[in-house]
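# Fold and geometry: a report
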Amino acid sequence: LDYHIAGSDASGVVWAVGPGVNDHEVGDEVVLHCNHLVNPGTNDLQTILGYETPDGSFAQFTKVQAQQVLPKPAHLSWEEASSYGLTYYTAHRMLVDRAKVEPGEAVLIWGAGGGLGVFAVQLCKIMGARAIAVVSSDDKAELVTQLGAHGVINRRDFPALQYKDNMTPEEQKAHSADLKGFGKRIWEILGERKGPDVVFEHVGKATFPASVFLAAKYGRIVICGATTGYDLNFDVRHLWMRQKRIIGSHFADADSASRANRLVIQDKVKPVMTRLFTWEEIPEAHQLMYENKLHGTVACLVGAPRPGLKNLEETLAAIANG
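Bear in mind the structure is a predicted one, so any value in this text is a computation, not a measurement. (Residues numbered from 1 in each chain as written. Predicted model: local features only at pLDDT ≥ 70, side-chain atom pairs only at ≥ 80, totals over all residues. Heavy atoms only, no water.)

A sheet is described by the order of its strands in space; here six strands give the open sequence S8-S7-S6-S9-S10-S11, paired in parallel fashion. With one partner strand each, in any of the chains shown, strand S8 (151-154) and strand S11 (245-248) form the two edges of the open sheet. Taken over all neighbouring pairs, the strand axes of this sheet differ in orientation by 20 degrees on average, direction set aside. Where strand S6 (residues 106-109) lies against strand S7 (residues 130-135), four bridges are found, and the strand directions are parallel. Residue Leu 108 lies in a different strand from S7, and its bridge partner there is Ile 132. Helix H2 (residues 85-98) rests against S6, strand S9 (198-201), strand S10 (220-223) and S11 of the sheet, and its axis sits at about 155 degrees to S9. Its contacts with the sheet place helix H5 (residues 169-190) against S6, S7 and S8, and it is angled at close to 160 degrees to S8. (Pairing = 2+ DSSP bridges. Helix = DSSP H or I, 4+ residues; strand = E, 2+ residues; numbered from the N terminus. Axes fitted to C-alpha atoms, helices over the stretch in contact; angles between N-to-C directions. Contact = heavy atoms within 4.5 Å.)

Below is the structure:
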């Protein structure tokens, strides 16, 4: 194809349905999940809408498979409903289906103020788990506390914590000291000398050695991505000698996304949309994300004439009134 439209999340109205579609109708108010099946009817090969497929959501129309369509929570505006799918469904899959978090467990969440982390914190609270939220600023610390984090750690208090290649002996010494100090901070938060039962990983190279080291005996490290690099280097002795597990997780399937979406419909999980962009500002939104200057999730208006509209009736009236 000679085009590519980006964007993996959307909310909107069904404009048309193809042959064989019986569970959705024109006019339905919906949100999407981004798991596009190469062979519909199977889960053998999954691609991400707008990333690995050309028909993304940054357009007036987007073409999706019927299995990607979910009911829009009626209490949310279009922009709020468009903001949570990819990150929230990913976090739900990681914690609920893959790591199988249990009540009372401690969960270390890297990047807790970001798009994945804000939902991981909320899910831990719902499941009765204790979220230890790792953030990089005071405003993000305040946000995750409001979302229900059991404890918060500002990673900037441990500047040598992150792993990097070819560390000098002095850098390695500082790294080891910060790693141990970070672990002690976790003990202080939990009130016991143990690491987290689950580590919520998506950072990759910079944090994965710490994740393996910090996880409790029999702990699980669940990972869905690696924003700082895919080539992971860690001391495997901490893995086998304390019988920890590494669990891979890739987005979510239709069933998992549907179960997660019900929690939003029931207002038990809330979108954390912190900024709304216009269509023209989409490049700026990506740049700010790249520079780690955003927290929570963000959205942009494509078809809606103004923010705050929640359904088709309101939207048509707003258009008619100019």
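More follows now that the structure is in view.
Here the focus is the pattern of salt bridges. Within the structure shown, the criterion is met by 15 salt bridges. Of the charged contacts, one joins Glu 105 and Arg 220 as a salt bridge, the two residues approaching to 2.8 Å between their closest N and O atoms. Remark: Arg 220 occurs in strand S10 and Glu 105 occurs in the loop between H2 and S6; sequence separation between them is 115 residues. No difference in accessibility class separates Glu 105 from Arg 220, as the two residues are buried. A salt bridge links Asp 235 to Arg 237; its shortest N-O distance comes to 2.6 Å. (Salt bridge = Lys/Arg side-chain N within 4 Å of Asp/Glu carboxyl O. Buried < 20%, exposed > 50% of the residue type's maximum accessible area, 1.4 Å probe, protein only.)

Turning to a nonpolar patch on the surface, a few remarks are in order. A contiguous nonpolar surface patch, about 350 Å² in accessible area, is contributed by Val 236, Trp 240 and Met 241. By the element assignment, Met 241 lies in the loop between helix H7 (237-240) and S11. Met 241 sits in the exposed class, given a relative accessible area of 56%. (Patch = residues over 30% accessible without salt bridge, like charges linked within 9 Å, V, L, I, M, F, W, Y side chains within 5 Å. Areas by Shrake-Rupley, 256 points an atom, 1.4 Å probe, with all protein chains shown as cover.)

For the rest of this paragraph, the subject is helix H10 (residues 312-320). Looking at where H10 begins, the residue whose side-chain oxygen comes 3.2 Å from the main-chain nitrogen of Glu 313 is Asn 311. Of the residues flanking the end of H10, it is Gly 322, one or two places downstream, whose phi is positive at about 75 degrees. (Polar contact = N/O pair within 3.5 Å; in protein donor to acceptor, adjacent residues only side chain to side chain.)

It is worth spelling out the packing of aromatic side chains at this point. Taken as a whole and judged by the stated rule, the model has nine aromatic pairs. Between Tyr 88 and Phe 119, the ring centres sit 5.2 Å apart and the planes meet at 45 degrees, which makes this aromatic pair tilted. Note that Tyr 88 is positioned in helix H2 and Phe 119 in helix H3 (residues 117-127), a separation of 31 residues in sequence. Overall, the relative accessible area of 0% leaves Phe 119 in the buried class. Geometrically, the ring pair formed by Trp 110 and Phe 182 is stacked, given 5.5 Å between the ring centres and 15 degrees between the ring planes. (Phe/Tyr/Trp six-rings, centres within 6.5 Å; stacked < 30°, edge-to-face > 60°.)

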